[in-house]
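Coordinate analysis (summary)
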Amino acid sequence: MLFMSCDINKKCNVALRNDFTYWLRSERSIPTSQSIDVDALQTYISRCSVCEAPKPLFAVHSQSTRVPECPEGWGELWTGYSYLMETAAGGEGAGSRLDSAGSCLES
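Residues numbered from 1 in each chain as written. Predicted model: local features only at pLDDT ≥ 70, side-chain atom pairs only at ≥ 80, totals over all residues. Heavy atoms only, no water.

**What about the environment of Lys 10?**
If you trace the backbone, Lys 10 turns up in the loop between strand S1 (2–6) and strand S2 (11–16). By relative accessible area, which is 46% here, Lys 10 ends up partly exposed. In the structure, Lys 10 is positioned 28 residues away from Val 38 in sequence and 5.0 Å away in space, judged by C-alpha atoms. Not counting residues up to four positions away in its chain, the partners in contact with Lys 10 are Asp 37, Val 38 and Asp 39. (Helix = DSSP H or I, 4+ residues; strand = E, 2+ residues; numbered from the N terminus. Buried < 20%, exposed > 50% of the residue type's maximum accessible area, 1.4 Å probe, protein only. Contact = heavy atoms within 4.5 Å.)

Pasting the structure below:
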């Protein structure tokens, strides 16, 4: 599977490997034939917000580059990028539910 690897010069390249992370994609198409600057990488990842009220925390994902708003009456704790899961060699992996605060990595 394809993934992006970024070097110390802030240049990211599409490559193949056995370890992966999965992110919710924004509406922007990801080029597979060129390097992507690490600063531009965030335009390809969906944005999210973690919200709180008297009930447990939950995450809202926009599946776009727009930071979603919390529902009326809920306060925003942080915004970030929508993270799905990671896998490693041998088919092992971990992730969190999309309504979980753990699916929104703080920016």
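**What about the side chain of Ser 26?**
Within the element layout of this structure, Ser 26 appears in the loop between strand S3 (20–23) and strand S4 (36–37). Note on Ser 26: relative accessible area 4%, which makes it buried. Beyond its immediate sequence surroundings of up to four residues, Ser 26 is in contact with Thr 43, Tyr 44, Ile 45, Ser 46, Gln 63, Ser 64 and Thr 65.

**Here's the deal with the environment of Ala 53**
Examined against the element boundaries, Ala 53 turns out to sit in the loop between strand S5 (47–52) and strand S6 (58–61). Separated by 20 residues in the primary sequence, Ala 53 and Gly 73 have C-alpha atoms spaced 7.2 Å apart. When sequence neighbours within four positions are dropped, the list of residues in contact with Ala 53 reads Gly 73 and Trp 74.

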